[in-house]
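# Tertiary structure, described
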Amino acid sequence: MSKLLDLTKFDIIDLFPRLTDLGTGSFGEDANIFSDTLAEAIENAPQGHDLLFKQQTVNELKTLLACNEAELNHASFALIRISPTEEVEEPPNWGSFPTLRAFWSAVLHVFENDPEVQAGKEIDPSI
């Protein structure tokens, strides 16, 4: 990953397709449509995705979190449309994280602890 700083936005999007999907959905410009707070947006991020997506997201997050701070910042600006480290005025009480690493670590925690990921199989919600 030491060459991550040399990659363009489009290269990063290709390298992290699942995180890009989250960046256009749960963590997109209208992230407040998905939840009332940033913490809720993170908690709800796995919902609606299949097991393979969740497992691939965990792998991508581990790869991203193995990067140094400069690489993490560079990649984050290509992947997500929000700034999780800034206090925003709208919506009020949205919340923020002290660093991008803290944000991505919280996302990883939620995906790793998803019941389907923990079970290693799809869970039928009707059961």
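All values derive from a computational prediction rather than experimental measurement.

### Topic: the pattern of salt bridges
- Applying the stated criterion across every chain, the model contains five salt bridges.
- Residue E112 pairs with K62 through a salt bridge whose shortest N-O separation is 3.6 Å. Taken as a pair, E112 in helix α6 (residues 100-112) and K62 in helix α4 (residues 51-65) lie far apart in primary sequence, 50 residues in all.
- By relative accessible area, which is 28% here, E112 ends up partly exposed.
- Among the charged side chains, a salt-bridge network with shared partners connects K54, D114 and E116.

### Notes on the side chain of T20
- Along the chain, T20 falls in helix α2 (residues 17-24).
- If we ignore the near neighbours within four places in the chain, the residues touching T20 are I13 and L79.

### Some details on the nonpolar core
- The biggest cluster of nonpolar side chains holds 31 residues, and the ones touching the most others in it are F27, F103 and W104.
- Among the elements of the structure, α2, α3 (38-44), α4, α5 (69-79) and α6 are those that each provide at least two residues to this core.
- Among the elements that take part in this core, α6 stands out by supplying seven residues, more than any other.
- Residues contacting F27, with those up to four places away along its chain left out, are L22, A41, I42, A45, I80, R81, I82, F103 and V107.

### What to know about α5
- Restricting attention to buried positions, one finds in α5 the residues E71, L72, A75, S76, A78 and L79. One side of α5 holds all its buried residues, which, seen down the axis, span an arc of 160 degrees.

Conventions used here
- Residues numbered from 1 in each chain as written.
- Predicted model: local features only at pLDDT ≥ 70, side-chain atom pairs only at ≥ 80, totals over all residues.
- Heavy atoms only, no water.
- Salt bridge = Lys/Arg side-chain N within 4 Å of Asp/Glu carboxyl O.
- Helix = DSSP H or I, 4+ residues; strand = E, 2+ residues; numbered from the N terminus.
- Buried < 20%, exposed > 50% of the residue type's maximum accessible area, 1.4 Å probe, protein only.
- Contact = heavy atoms within 4.5 Å.
- Core = buried A, V, L, I, M, F, W, Y, C linked by side-chain atoms within 4.5 Å.
- Arc of directions from axis to C-beta.

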